[in-house]
Amino acid sequence: MKKFSLVEFSVGRPRLVVAIVVLITLGFLTQFPKIKTDTNPKNMLPPTSDVRVWNDEVDRTFGLYEDTIAVGIVNDDGILNERTLGKILRITDEVLRIDGVAARDVNALPTITNVTAEAGVLKVAPLMAGVPATRAEMGGLRKELTENPLFRGRVISDDGKTTAIYAPLEKGANGKAIADRITEIVKKEGGPERYYIAGDPVARDTFGAEMFKLMAVFAPIAGCIMLVARYLMFKDLFLSVTLMMDAMISIVWSMGLLIALGFPVHIMSSMAPVFLMAIATDSIHIFNEFYFRYREKRDKKAAIIETMKAVGRPVRYTALATAVGFGVLMFMDIVPVKVFGAVVAFGTVALRVLSFSFIPAMFTFVKEKNIEKIAVGEEISAGGSSGFLRGLATAGAHSPKATAVIGLILFGVSVIGISRIVVNNNMVEWFKSNSDIRTADSVLNTALGGTSLGYVVAVSNEDEYIKTPEAMRQIEGLQRHLEKVPVVGKTSSVVDYVKRINRVLHDDDPKYDTIPSSKEEIGQYLFLFSMSAKPSDLDNVVDYPFRKANIWVQLKTWDAQAMRSVLRAVDEYKQENPGTLVFKPAGIAYFNLVWNDEVLWDMLKGFIIALVVIFVILSFNFGSVKWAAIGYTPLLFTILLIYGAVGYMGKDFDMPIAVLSCLSLGMAVDFSIHFISRLRQRLKEAGQTGTPSSESLVNALLWTAARPGKGIMRNAVLFASAFSVMLFAPLTPYITVGAFIVSMMLLSAILTMIYLPAMIVLFRGRLFGGN
């Protein structure tokens, strides 16, 4: 009984195959209206992760909010004038009415709690209930702002030119939508004041909205560029569209399955279509070989079948290597990483199924006169591209030792560059430096304490211990120590309230700006304050058994490494000042640090596992560990050179670069598999069963570079030209992806043409002398 062949079935029943593919695609398309999105990095970690459980506990204990928007107001002549303060009052009043804003806990000049005393009686009231009407009232406001450490660096800058409104958000509120509403409010007020809107929810939700817009814009543009490039390569619009359809069908299947299974589209999975469109270019090897085979057979169906016999094995194994490269991510700890890996792995398998069914079926609809016209230009000896590829292979094959030495030098230089890489993440820096979000963040970080917020929770095992002078002094000492860290702009805690109350109850005498000497006095002050202040004022800094105190740490950057500096400072302080309190980090800045480490190291772990698994696949494909090692040469050089350049440029190793690590595996191995498989096939067809002579090996290498190599270079150029459009994106991760894909594809293709011939000639005896 004849063995079933999907290719022959597709060539024999092309209309049926196309109809089945269309029906399956329509089925997956029906899932798209159910799409859900999730751009919150918090959900990169499972709800049961230690950092999320601890942060949620801290939020509940101290009545904190997960997200806060900071609205900066700047006047170069100073904000303490009637006109500017009137605007601040009106803006604050409008912000309080925005749905999603926790109005009761908004902090600004009109709402922030001010602690004073009259005739020995503690008075707690909003700082600015109305705009000061007289010069004396304005002077009093200025005095309160400049002398109160709770205000300086928070609602007033040292130079008096900047203030901020801090608007905490209710759970589930959309930061971008609220930021857009605030933008409308401040536009009505006009100048000369300048307004800036910053904060993690603004950056996160704006990035999410822009991310999906870019996917909607750049995917079609990239597709059009790829379509034009294919047409210029093959001069046949129908086949160019066919190759484009191959990519789009796999994207619909993969994203449709993701949506059908109920997973939201996260930051990482949103990039899956980009990767699948890139991986789909591997089908160009089928197109490249088809025209050569047609010139030999002069029969369309026979040429299709012979083409798939020639490239079938390398196409299958490149798909397997790419699918495994992404598939190992399914065994990582981070759920969105798992989903991303599964989506791309499934899409890669779908692409290969389409390569052996849909593409052969579509070939049958192409008119033979069009094939004949294109095939004439596919002569190996014709065209500048074949000559260029021969030249690259000649350089490696004729000077293998010199090529190897140059490679070793590049290896050393790259390793030094890689050693300089810093693992870091900063969502604000995912926007261009001249963007509104980056500008606002920079202005507020320069003028005030900082837009990134972390906490250090002081924990004791004894009720009421936080009220003791010893606990207060230990907390105050840590605050002063943290404020020496360059990235820390301001700290605040229950100690600041106690010192302020002590001072105002002693006729505002600066010498009483200290911690009281007894637990009873501290307890009395806190009781008086709690009776008059907003509940959140005290709730935010202590728990009610007084076992825990919360130190607010404002950071002047969203770099994950900033919180690491805080942790080091806390450890230093504990070593130098041992005490009974235990200090634990918390807050969004701490989460960003943990998320940064866990996600990026998870990706790196997956990358290393994929390296090992792909090497096993290469060994199995080539039937030789030696050939697998040779096939790894372009892969390793591509990775080393790219990441060495990252180190020398001072670029942080962040999530977009980590994701690109997976892509570099699939693409570089793809080229090696095609080159080595077709080389060995050529030698076998020439009757070379043992160790070939130097001359015959070099000739075979040059043929491989000129014929299958043309498909490799076309793949690289097609891929790179399409994704060069991402260099013009407004978001830096997309620019990074575009720049890396362009350089990665071209570099890996060129290294394949140079280093594989060099290594094969250099180790000819070992490679062909036995496995």
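For every chain, the first residue of the written sequence is number 1, and numbering continues from 1 onward in sequence order. With the structure being a predicted model, the display of local features is reserved for residues of pLDDT at least 70 and the display and counting of side-chain atom pairs for 80 or more, all residues being used for whole-chain, interface and lining totals. No hydrogens and no water enter the side-chain calculation; it runs on all heavy atoms of the structure.

Q: In this structure, what is going on with helix α16 (residues 400-418)? I would like to understand it.
A: Helix numbers and strand numbers start at the N terminus; a helix is a DSSP run of H or I with at least 4 residues, a strand a run of E with at least 2. Helices are assigned an expected span. That span is 1.5 Å times one less than the residue count. Compared with the 27 Å implied by 1.5 Å per residue over 19 residues, the 26 Å span of α16 between its first and last C-alpha is a close match. Residue exposure (1.4 Å probe, protein chains only): buried if accessible area is under 20% of the type maximum, exposed if over 50%, otherwise partly exposed. By the burial criterion, the buried members of α16 are Pro400, Thr403, Ala404, Gly407, Ser414 and Gly417. Down the axis, α16 shows its buried residues gathered within 130 degrees of arc, on one side only. Looking at α16, the residues exposed on the side facing more than 90 degrees away from the buried face are Lys401, Leu408 and Ile409. It is the directions from the helix axis to the C-beta atoms whose arc is reported.

Q: So what exactly am I meant to see when it comes to empty space enclosed by the protein here?
A: One water molecule sets the probe size; rolling that probe over the atoms shows where empty space is left. Here a cavity denotes a set of grid points, spaced 1 Å apart and computed over the protein atoms alone, in which a 1.4 Å probe fits but from which it cannot get out, and a pocket denotes an open set meeting protein on both sides within 12 Å along at least five of seven lines; residues with an atom within 4 Å of a point are reported as lining. Grid points are joined across faces, edges and corners, and a volume is the space filled by probe spheres set on the points. Enumeration over the complete set of coordinates arrives at 6 cavities of 30 Å³ or more. Approximately 820 Å³ is the volume attributed to the largest cavity. Looking at the largest cavity, it is lined by 46 residues, and the ones nearest its centre are Thr68, Arg154, Leu453, Tyr455 and Trp552. Gly counts as polar in this scheme, as do all residues outside two lists: the nonpolar Ala, Val, Leu, Ile, Met, Phe, Trp, Tyr, Cys and Pro, and the charged Asp, Glu, Lys and Arg. Here the residues of the lining of the largest cavity are counted per class, giving 19 nonpolar, 15 polar and 12 charged. An automatic or database domain assignment is the source of the domain bounds shown. Both domains that furnish three or more residues to the lining of the largest cavity are identified here as domain 2 (68-198) and domain 3 (436-558). What the second largest cavity holds in volume is close to 130 Å³. Pro41, Asp200, Met427, Asn592 and Trp595 are, among the 15 residues lining the second largest cavity, the residues nearest its centre.

Q: I'm lost on the side chain of threonine 307 in this one. Help?
A: Within the secondary structure, threonine 307 sits in helix α11 (residues 300-327). A relative accessible area of 1% places threonine 307 in the buried class. Polar contact is the term for a pair of N or O atoms within 3.5 Å; when the atoms are in protein, one must be able to donate a hydrogen and the other to accept it, and sequence-neighboring residues count only if both atoms are side-chain atoms. Only 2.6 Å separates the side chain of threonine 307 from the backbone oxygen of alanine 303, close enough to count as a polar contact. The contact definition used throughout considers only heavy atoms, calling two residues in contact when any of these lie within 4.5 Å. Aside from chain neighbours lying at most four places away, what touches threonine 307 is Ile286, Glu289, Phe290, Arg293 and Gly312.

Q: Would you explain helix α28 (residues 732-762) in this entry?
A: Since the α-helix turns once every 3.6 residues, residues separated by three or four places project in the same direction. The end-to-end C-alpha separation of α28 is 42 Å, in line with the 45 Å expected for 31 residues at 1.5 Å each. Bend angle per residue: angle between axes fitted to the 7 residues ending at that residue and the 7 residues starting there. Approximately 30 degrees is the largest bend angle found in α28, and it occurs at threonine 752. Counting buried positions over the 31 residues of α28 gives 22, a clear majority of the element.

Q: Before we go on, may I ask you to explain the pattern of salt bridges in this structure?
A: Two side chains with opposite charge may pair up if their charged atoms get near one another. A pairing counts as a salt bridge when a side-chain nitrogen of Lys or Arg comes within 4 Å of a carboxyl oxygen of Asp or Glu. Within the structure shown, the criterion is met by 30 salt bridges. Here arginine 503 ties to glutamate 147 by a salt bridge, and the two come within 3.6 Å at their closest N and O atoms. Of this pair, arginine 503 sits in helix α19 (residues 494-504) while glutamate 147 is found in helix α5 (residues 135-147), placing the two residues 356 residues apart along the sequence. Given a relative accessible area of 10%, arginine 503 falls into the buried group. You can call glutamate 147 partly exposed: its relative accessible area is 30%. Salt-bridge contacts for arginine 204 lead to aspartate 205; the nearest nitrogen and oxygen are separated by 3.3 Å. Summarising the burial analysis for this pair, arginine 204 and aspartate 205 share the class buried. Look at the salt bridges and you will find they share partners, linking Asp67, Asp200, Arg204 and Asp205 into a network.

Q: Looking at this model, I keep getting lost on the layout of surface pockets. Mind explaining?
A: Roughly 520 Å³ of volume is contained in the largest pocket. Around the largest pocket, the lining comprises 20 residues; the ones closest to its centre are Asp180, Thr183, Ile197, Asp436 and Ile437. Mapped by element, the contributors of at least two residues to the lining of the largest pocket are α6 (175-189), β6 (194-198), α7 (200-234) and α17 (436-447). Here the lining of the largest pocket takes 6 residues from α6, the largest share from any one element. Of the residues belonging to the lining of the largest pocket, the class tally is 11 nonpolar, 4 polar and 5 charged. What the second largest pocket holds in volume is close to 430 Å³. What lines the second largest pocket is a set of 21 residues, and nearest its centre among them are Asn40, Glu66, Asp67, Lys171 and Gly172.

Q: What's the story with the domain arrangement of the protein in this structure? I'm lost.
A: The parts lose accessible area when they come together, and the size of an interface is often stated as this lost area. When cut into domains, the protein gives domain 1 (2-42 + 205-426 + 594-769), domain 2 (68-198) and domain 3 (436-558). On a C-alpha basis, the centres of domain 1 and domain 2 stand 55 Å from each other. Taken residue by residue, the interface counts 4 residues in domain 1 and 5 residues in domain 2. Where domain 1 abuts domain 2, roughly 290 Å² becomes buried across the two surfaces, and 52% of that area is made up of carbon and sulfur atoms. Along the contact surface separating domain 1 from domain 2 lie 0 salt bridges. Considering only residue class, the side of domain 1 that touches domain 2 consists of 1 nonpolar, 1 polar and 2 charged. Joining two parts hides part of their accessible area as seen by a 1.4 Å probe, and the buried area is that hidden amount summed over both.

Q: Looking at this structure, how should I read the pairing of strand β4 (residues 121-126)?
A: Residues in a regular strand point their side chains to alternate faces of the sheet. Should DSSP find at least two bridges between two strands, the strands are taken to pair. One ladder, built from 6 bridges, connects strand β3 (residues 113-118) with β4; its direction is antiparallel. Its bridge partner being in β4, threonine 113 is matched across the sheet by proline 126. Linking two consecutive strands that pair antiparallel, namely β3 and β4, is a turn of 2 residues; a positive phi of about 55 degrees is found at alanine 119 within it.

Q: I tried to follow the sheet that holds strand β5 (residues 162-168) on my own but got confused; where do I start?
A: The pairing of strands in a sheet comes from backbone hydrogen bonds and takes either a parallel or an antiparallel form. Spatially, the 3 strands line up as an open sheet ordered β5-β2-β6, and their pairing is antiparallel. The open sheet has two edge strands with one neighbour each: β5 and β6. Neighbour-to-neighbour, the strand axes of this sheet turn through a mean angle of 20 degrees, independent of strand direction. As defined by bridge partners, strand β2 (residues 68-74) adjoins β5 across 7 bridges and the pair is classed as antiparallel. Bridge pairing in β5 places isoleucine 73 opposite threonine 163. Angles shown run from 0 to 180 degrees and are taken between the N-to-C directions of axes, each axis being a line fitted to C-alpha atoms and, for helices, limited to the stretch in contact. Contacting β2, β5 and β6, helix α4 (residues 82-95) runs over the sheet at an angle of about 10 degrees to β5.

Q: Please clarify how the side chain of asparagine 621 should be interpreted in this entry.
A: Relative to the assigned elements, asparagine 621 resides in helix α23 (residues 588-622). Residue asparagine 621 is classed as buried on the basis of its relative accessible area, which comes to 6%. Apart from the residues lying within four places of it in its own chain, the contact partners of asparagine 621 are Arg313, Tyr317, Ile673 and Ser677.

Q: Quick question: what am I supposed to make of the sheet that holds strand β11 (residues 582-586) here?
A: Judged by pairing direction, the sheet is antiparallel, and its 4 strands sit side by side in the order β9-β10-β8-β11 without closing on themselves. Two strands close off the open sheet at either side, each with one partner strand: β9 (488-492) and β11. Adjacent strand axes in the sheet meet at a mean angle of 25 degrees, parallel and antiparallel pairs treated alike. The pairing of strand β8 (residues 452-459) with β11 spans 5 bridges and is classified as antiparallel. Note that in β11 the partner of valine 456 across the bridge is proline 585.

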